[in-house]
Amino acid sequence: MSYRKNEAIPIKPEPDLPIVDCHCHFPDKEPYRKPTHSYESQYEFFFEKHNGQFIISSSSYYDYEYIQNYTESHEKIYLTVGCLKPSDRYGMDVVMKEHPHFMDIVENKTDTYVGIGEFGLDFHHAKTLSIRQEQIEYFQKVIQETKHLNKPYVLHVRNATQRDIDQKNPNHEFNQRDFCNKTIVRIFEEEGIKPEKVMWHCFSGPQDWGPKLAKMGYYISVPSSAYGFNRWRRNIRGVPLDKLLTETDSCFQHPFKMGGFNTPANVKYATAAIAYVNDMEQQEVAEKVLENARKFFGIS
Ligand SMILES: [Zn+2]
């Protein structure tokens, strides 16, 4: 198996597989990338060509209503409800203004959604000590206030890389390459959240953490870009199939084009990547991942 950088794998995704996109942004209220086809035609294409499901995530109160209306008026798609996190872009004041709305939805509309998220820790978009600290505190607060709902969590986790080092505090532990992972595991343990209730969306490593998290019982979600980019593919190594999920994170994470517009039907590329890494049949991977997803989100 070759692990050269950004090398697409030498197999094609098979047609007619049962597929599941466990995390996408669809339709996007303000698309970050210009859609190549209307959302309606992307939706139709998915269900005409594939037997499967997709799960749409909101990431703030701002896009919730728009997405909720869409999922309510379309069959076979599901919603997870996310919230903002403090970052270089949104201060704690903005996050706390949204917080009551977010809590109102998750508390009072429990039958309209299948999971909480995306939300989590992102030290690429939070580069100072105080904002990182606020992110951690807010993360724990959300867990404390939502755990009684017993819903699965969809996590967004981005550890600091070399480029994200807090220049004023270069030796602080927040700069460690797995600090966010460690902190999240600690908080879930403190709050008594079972790892089986947690999915790490677009799992970005470090590489040794894939098998480690799976062993604890967490689910690892593989993006479609694992097809064309080794940095996503290598994180799957050593993770057993019963702990894997697939996603597109549409419009992001195009299977092989840097910056290309992505669509839920491309989740079949994640299936192909898993099959390639584990030397398995795509059909077998697809069936098992769909079963994992239905179990995780409690959908039929
Ligand atoms: Zn996302």
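Structure first, text after, so check above.
Draft legend 1. Spotlight on the nonpolar core. Ranked by internal contacts, the top residues of the largest apolar core, which has 92 residues, are Phe 54, Phe 139, Phe 188, Trp 200 and Phe 297. Residue contacts for Trp 200: discarding those within four places in its chain leaves Leu 155, Val 157, Asn 181, Ile 184, Val 185, Leu 213, Tyr 218, Tyr 219, Ile 220 and Ser 221.

Draft legend 2. A look at the coordination of the zinc ion. Coordination sphere of the zinc ion, protein contribution only: His 23 (NE2), His 25 (NE2), Glu 118 (OE) and Asp 249 (OD), at 2.1 to 2.4 Å. Its four donor atoms give the zinc ion angles of 82 to 169 degrees at the centre, a pattern that matches the irregular case. Positions of the donor residues of the zinc ion, expressed as sequence spacing, correspond to H-x1-H-x92-E-x130-D. In this pair, Glu 118 is assigned in strand 4 (residues 115-122) and Asp 249 in the loop between strand 8 (244-247) and helix 8 (268-278), connecting sequence segments 131 residues apart.

Draft legend 3. Representation of helix 1 (residues 39-49). Buried within helix 1 are the following residues: Tyr 39, Gln 42, Tyr 43, Phe 46 and Phe 47. One face of helix 1 carries all of its buried residues, which in axial projection span an arc of 120 degrees. The inward-facing, buried residues of helix 1 abut strand 1 (18-24), strand 2 (51-57), helix 2 (61-72) and strand 3 (77-81).

Draft legend 4. Layout of the sheet that holds strand 5 (residues 153-158). Strand order in the open sheet formed by eight strands is 1-2-3-4-5-6-7-8, with parallel pairing between adjacent strands. At either end of the open sheet lies a strand with only one pairing partner, and these are strand 1 and strand 8. Sheet twist, expressed as the mean angle between neighbouring strand axes with direction ignored, is 25 degrees. When strand 5 meets strand 6 (residues 198-201), the two strands line up parallel, connected through four bridges. Pairing of Leu 155 across the sheet is with Trp 200, part of strand 6. Set on the sheet, helix 1 makes contact with strand 1, strand 2 and strand 3; between it and strand 2 the angle comes to about 150 degrees. Running over the sheet, helix 5 (residues 179-191) touches strand 4, strand 5 and strand 6 and is turned about 150 degrees from strand 5.

Draft legend 5. Molecular detail of the packing of aromatic side chains. One pass over the structure, following the stated rule, counts 25 aromatic pairs. Ring geometry for Phe 188 and Tyr 218: centres 6.3 Å apart, planes at 40 degrees, overall tilted. Of this pair, Phe 188 sits in helix 5 while Tyr 218 is found in the loop between helix 6 (209-216) and strand 7 (219-223), placing the two residues 30 residues apart along the sequence. An aromatic cluster is defined as three or more aromatic residues linked by ring pairs; in this entry it consists of Phe 26, Tyr 39, Tyr 43, Phe 46, Phe 47, Phe 54 and Tyr 70. For the cation-ring pair, Lys 243 lies above Tyr 219, with the distance from its terminal atom to the ring centre recorded as 4.0 Å.

Draft legend 6. Region of the structure containing a negative patch on the surface. Together, Asp 279, Glu 281, Glu 284 and Glu 287 give the surface a local cluster of negative charge. Structurally, Glu 284 is set in helix 9 (residues 282-297).

Draft legend 7. Molecular detail of the packing of helix 5 against helix 6. At a minimum axis distance of 12 Å, the contact between helix 5 and helix 6 shows a crossing angle of 5 degrees. Between helix 5 and helix 6, the crossing angle belongs to the class labelled roughly parallel. Together, Asn 181, Lys 182 and Val 185 of helix 5 and Trp 209, Leu 213 and Met 216 of helix 6 make up the contact between the two elements. Classifying every residue of the contact of helix 5 with helix 6 gives four nonpolar, one polar and one charged.

Rules and cut-offs
Residues numbered from 1 in each chain as written. Predicted model: local features only at pLDDT ≥ 70, side-chain atom pairs only at ≥ 80, totals over all residues. Heavy atoms only, no water. Core = buried A, V, L, I, M, F, W, Y, C linked by side-chain atoms within 4.5 Å. Buried < 20%, exposed > 50% of the residue type's maximum accessible area, 1.4 Å probe, protein only. Contact = heavy atoms within 4.5 Å. Donors = N, O, S within 2.8 Å, 3.2 Å for Na, K, Ca; no water. Tetrahedral: all angles 85-135°; square planar, octahedral: opposite > 155°, others 65-115°. Helix = DSSP H or I, 4+ residues; strand = E, 2+ residues; numbered from the N terminus. Arc of directions from axis to C-beta. Pairing = 2+ DSSP bridges. Axes fitted to C-alpha atoms, helices over the stretch in contact; angles between N-to-C directions. Phe/Tyr/Trp six-rings, centres within 6.5 Å; stacked < 30°, edge-to-face > 60°. Lys NZ or Arg CZ within 6 Å of the ring centre and 35° of its normal. Patch = residues over 30% accessible without salt bridge, like charges linked within 9 Å, V, L, I, M, F, W, Y side chains within 5 Å. Areas by Shrake-Rupley, 256 points an atom, 1.4 Å probe, with all protein chains shown as cover. Salt bridge = Lys/Arg side-chain N within 4 Å of Asp/Glu carboxyl O. Lys, Arg positive; Asp, Glu negative; His and termini not counted. Charge placed at Lys NZ, Arg CZ, Asp CG, Glu CD. Parallel < 35°, antiparallel > 145°, perpendicular 65-115°, else oblique. Nonpolar A, V, L, I, M, F, W, Y, C, P; charged D, E, K, R; others polar.

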